[in-house]
Amino acid sequence: MVAPSPMQVSMIQQQQQQSPQTSMMSRPVGSPYGVMNRTPLYDKTKRGTYTNDPRQQQMMQSGQQPPMPYGAAMGGPNPVMMPNAGGAGPIRPQKKRKRLTEKIIHKQIRSLVPESQAYIELLRLEQKLDSVLMRKRLDLQETLKRPQKIKKKLRIFISHQYPVRFDSDTTGMDDEQVQYWEMRVEGRLLDDPNTNKYDQGKSKRKFSSFFRSLVIELDKDLYGPDNHLVEWHRTNATAETDGFQVRRPGDQNVKCTILMVLDHSPPQFRLDARLARLLSITNGTRQTIIHAIWQYIKTHKLQDSEEREFINCDTHLQSIFDCSRLRFSDLPSKLNKLILPSEPIIINHTLCLGTDPKKHACYDIDVEVDDPVRDSMRSFLTPQNTHELEDLDGKILQYIDSINQLKQSREFYLSFADDPQSFICKWLASQSRDLKMITDSTTGNTEEERRADYYTEQWSYEAVSRYFYNKVQQKRVELEQALGIRNS
């Protein structure tokens, strides 16, 4: 037999992939020793362990199916795909995930091509980069769990217009008899000079989104107890607006008080005066207040040394909580009595409706907004389009497979060039073993079976007895069936 060329070897591999029955002939391209590390189907030292050996088979009853031979189980066609127990269709193999070791070039190739060391360095760099990105993702996930706020200036504009003209058909009254004024409360965030163009192009928040409630109290002497309040409170169905507008009749200067309650997320509270002096904070979220109390307890070592769930209150805490000893679990309930709703922002403004009116006023207040960096963090954590990376990984694996095939072809030709005679002999022996494994469904040692002594051993007498016993049973069944048909 003549050694095939690498092109012929590739054609043989394609034929083997198309025909499942010849899948046992596949071997690494260029290997002069055929299928290496193959488990032999028959070993004369363990001859009694195979089910096809008649010496180890038990006597079968009439109508019993014989066991499947070992050679047929291993060398036969591919098994049929069976449906799963749940009835959801056949169980299909999952797609194998490529590992880093499959991208590594063989050491022998690296010794032949020194430039391949640069590729190995790139793999190490990629692995290091992946570990850094994974660590950063975990850090960002922990950061996003905590609320991050930054303070900005909200500029509030209070303006009015007097007189306000109406359509007489619409209002049903004469403009010369009744004069109306109109006040507007608007606002916007002051742009940070360090803000980039990308953040400036984002949609601006509505003015009403900064407040939980807004109340405008007009002069009670001018508008009476029933018409001097204008209230707005946030609900679940509230539509955000850019400002508030109030219209009333009148031609005199009007004193008004604007009360605005900021909408904090999470909610903020105002501390009791005694607790505020102790913790040096006046406002804060519930989490911030509890953290400040815990820092005070740790600093002054007020935690009980034996019963760690108890707090030994000092004189300051005793005057605040009215107890000398306190459980940690009771701290939130005790704290509910010491926190109050945050105070509203109060603006006193006068509407000048005289001959030289002051029509505009500006006020700046501090508000807390979400850190814009959080959006960048979320975009980093969202799964990106990885199809391009997967395609590049697939190409790398294809190149590695091509390199390995070329390496095997090189070894094939080098082995043939070093010792052609020995190479051909070993190759023919390998081909003969593979051919026997495919075509011969029985197992055994051909060299041992062709000698006469092989059939004079003790197992042969038992095999002959079993053979005749099975034949007699078969004829008996056939006879009983025949007699049953005649009797009927």
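These numbers were taken from a predicted model, which means no experiment stands behind them. (Residues numbered from 1 in each chain as written. Predicted model: local features only at pLDDT ≥ 70, side-chain atom pairs only at ≥ 80, totals over all residues. Heavy atoms only, no water.)

1. Digging into the overall build of the chain
Selection criterion: Strands here are runs of E lasting at least two residues and helices are runs of H or I lasting at least four, both read from the DSSP assignment and numbered beginning at the N terminus. Residue burial is assigned from relative accessible area. The probe radius is 1.4 Å, only protein chains are included, and a residue is buried under 20% of its type maximum, exposed over 50%, and partly exposed in between. The contact definition used throughout considers only heavy atoms, calling two residues in contact when any of these lie within 4.5 Å.
For the chain, the count of helices and strands is 16 helices and 13 strands. Per-residue burial for the chain yields a buried fraction of 26% across its 488 residues. Relative to all contacts within the chain whose residues are 6 or more apart in sequence, the contacts with residues 24 or more apart total 66%.

2. Here we look at empty space enclosed by the protein
Spelled out, the test is: Note on definitions: the grid is 1 Å and covers protein atoms alone; a cavity is a set of points where a 1.4 Å probe fits but cannot get out; a pocket is an open set with protein on both sides within 12 Å along at least five of seven lines; lining residues have an atom within 4 Å of a point. Grid points are joined across faces, edges and corners, and a volume is the space filled by probe spheres set on the points. Amino acids outside the nonpolar list (Ala, Val, Leu, Ile, Met, Phe, Trp, Tyr, Cys, Pro) and the charged list (Asp, Glu, Lys, Arg) are all regarded as polar, and Gly is one of them.
Summed over the entire model, instances satisfying the criterion amount to one cavity of 30 Å³ or more. Of the voids in this model, the largest cavity is the one considered here, and its volume is about 30 Å³. What lines the largest cavity is simply Ile293, Ile297, Ile311, Cys313, Leu317, Phe321, Leu326 and Leu331. Elements with a contribution of two residues or more to the lining of the largest cavity: α9 (286-299) and α10 (315-321). Taken together, the residues that form the lining of the largest cavity break down as eight nonpolar, no polar and no charged.

3. As for the packing of aromatic side chains
Quick note on the threshold: A pair of aromatic rings is counted whenever rings of Phe, Tyr or Trp (Trp by its six-membered ring) have centres within 6.5 Å, and the orientation is called stacked for planes under 30 degrees apart, edge-to-face for over 60 and tilted otherwise.
Taken as a whole, this structure holds 13 aromatic pairs when the rule is applied. When the centroid spacing of 5.8 Å and the interplanar angle of 40 degrees are considered together, the rings of Phe423 and Trp427 count as tilted. Of this pair, Phe423 and Trp427 both sit in helix α14 (residues 420-439), separated by four residues, roughly a single helical turn. Taking relative accessible area as the criterion, Phe423 reaches 3% and is therefore assigned buried. Aromatic ring contacts, followed pair by pair, group Phe412, Tyr413, Phe416, Phe423 and Trp427 into a single cluster.

4. Quick notes on the environment of Ile403
Locating Ile403 in the fold gives a position in helix α13 (residues 387-418). Note on Ile403: relative accessible area 31%, which makes it partly exposed.

5. As for the nonpolar core
Taken as a class, soluble globular proteins show a tendency for nonpolar side chains to be buried jointly. Rule in force here: Only buried Ala, Val, Leu, Ile, Met, Phe, Trp, Tyr and Cys residues count toward a nonpolar core, and they belong to the same one when joined by side-chain atoms within 4.5 Å.
Core analysis: the largest hydrophobic core is formed by 27 residues, its most contacted members being Ile156, Trp181, Met183, Phe211 and Ile216. Those elements that provide at least two residues to this core are β1 (149-161), β2 (180-189), β3 (211-217), β5 (243-249), β6 (254-262), β12 (345-351) and β13 (360-370). Looking at this core element by element, the count peaks at five residues for β6. Listed in part, the 22 residues of the second largest apolar core include Ile293, Ile320, Phe321 and Leu326.

6. With respect to the confidence of the model for the chain
Definition in use: By definition, pLDDT measures how confident the predictor is in each residue, and it falls between 0 and 100.
Of all residues in the chain, 71% have pLDDT values of 70 or greater, and the mean over the chain is 76. Counting contacts from residues 18-94, a segment whose pLDDT is below 50, to residues more than four positions away or on other chains yields 107 contacts. pLDDT under 50 marks residues 168-173. Its contacts with residues more than four places away, or in other chains, come to four contacts.

7. Describing the sheet that holds strand β8 (residues 283-285)
Put simply, the test is: Two strands are said to pair when DSSP picks up at least two bridges between them. Whenever a helix is involved, its axis is fitted only over the stretch in contact; in every case the axis is a line through C-alpha atoms, and angles between N-to-C directions fall within 0 to 180 degrees.
Taken in spatial order, the three strands make up an open sheet running β8-β7-β11, and their pairing is antiparallel. Both edges of this open sheet fall to β8 and β11 (339-341), since each of them pairs with a single strand only. Strand-to-strand twist in this sheet, taken as the mean axis angle between neighbours without regard to direction, amounts to 50 degrees. Against the sheet, α9 touches β7 (268-271), β8 and β11, its axis set at about 105 degrees to β8.

8. Considering α9
Because an α-helix completes one turn every 3.6 residues, residues spaced three or four positions apart along the sequence face the same direction. To keep it simple, the criterion reads: One less than the number of residues in a helix, times 1.5 Å, gives the span that helix is expected to have. The arc in question is the one spanned by the directions pointing from the helix axis to the C-beta atoms.
Here α9 is 14 residues long and its end C-alpha atoms lie 20 Å apart, about the 20 Å a rise of 1.5 Å per residue gives. For α9, every residue scored as buried is listed here: Ile289, Ala292, Ile293, Tyr296 and Ile297. For α9, the angular spread of buried residues about the axis comes to 140 degrees, placing them on one side. Seen from the buried face of α9, the exposed residues on the opposite side, beyond 90 degrees, are Gln287 and Thr299.

9. Examining the pattern of salt bridges
To be explicit about the condition: Criterion for a salt bridge: a side-chain nitrogen of Lys or Arg within 4 Å of a carboxyl oxygen of Asp or Glu.
Per the counting criterion, the structure on display carries 16 salt bridges. Salt-bridge contacts for Glu121 lead to Arg124; the nearest nitrogen and oxygen are separated by 3.1 Å. On the criterion of helical spacing, the pair formed by Glu121 and Arg124 is a turn pair, its members being three residues apart in helix α4 (residues 117-145). With relative accessibility at 40%, the residue Glu121 sits in the partly exposed group. In this structure, Glu240 and Arg234 form a salt bridge, with 2.6 Å as the shortest nitrogen-oxygen distance. When salt bridges that share partners are traced, they join Glu182, Arg184 and Arg247 into one network.

10. What to know about the packing of α13 against α14
The condition is simple: The labels follow the angle: roughly parallel below 35 degrees, roughly antiparallel above 145, roughly perpendicular from 65 to 115, and oblique for the rest.
At a closest axis distance of 5 Å, the pairing of α13 and α14 adopts a crossing angle of 120 degrees. With respect to α14, the axis of α13 lies oblique. Contacts between α13 and α14 pair Phe412, Ser415, Phe416, Ala417 and Asp418 from the former with Pro420, Phe423, Ile424 and Trp427 from the latter. Residues that form the contact of α13 with α14 fall into these classes: seven nonpolar, one polar and one charged.

11. Points about the packing of α4 against helix α12 (residues 373-381)
The criterion, for reference: Note on convention: the crossing is left-handed when the near helix lies turned anticlockwise from the far helix by less than a right angle, right-handed when the turn is clockwise.
For the pair α4 and α12, the least separation of the axes is 10 Å and the interaxial angle reads 135 degrees. As the angle between them shows, α4 and α12 are arranged oblique. Every pair of crossing elements has a handedness; the one defined by α4 and α12 is left-handed. Counted together, Leu133, Arg137, Leu140, Gln141, Thr143 and Leu144 of α4 and Arg374, Met377, Arg378, Phe380 and Leu381 of α12 form the full contact between these two elements. Residue composition of the contact of α4 with α12, grouped by class: six nonpolar, two polar and three charged.

12. Focus: the state of the cysteines
Stated precisely, the cut-off is as follows: Note that a disulfide, as used here, is simply two cysteine sulfur atoms within 2.5 Å.
Summed over all chains, the structure comprises zero disulfides. Not engaged in a disulfide, the cysteine Cys313 finds its nearest cysteine sulfur in Cys323; these two sulfurs lie 4.5 Å apart. A relative accessible area of 8% means that Cys313 is categorised as buried.

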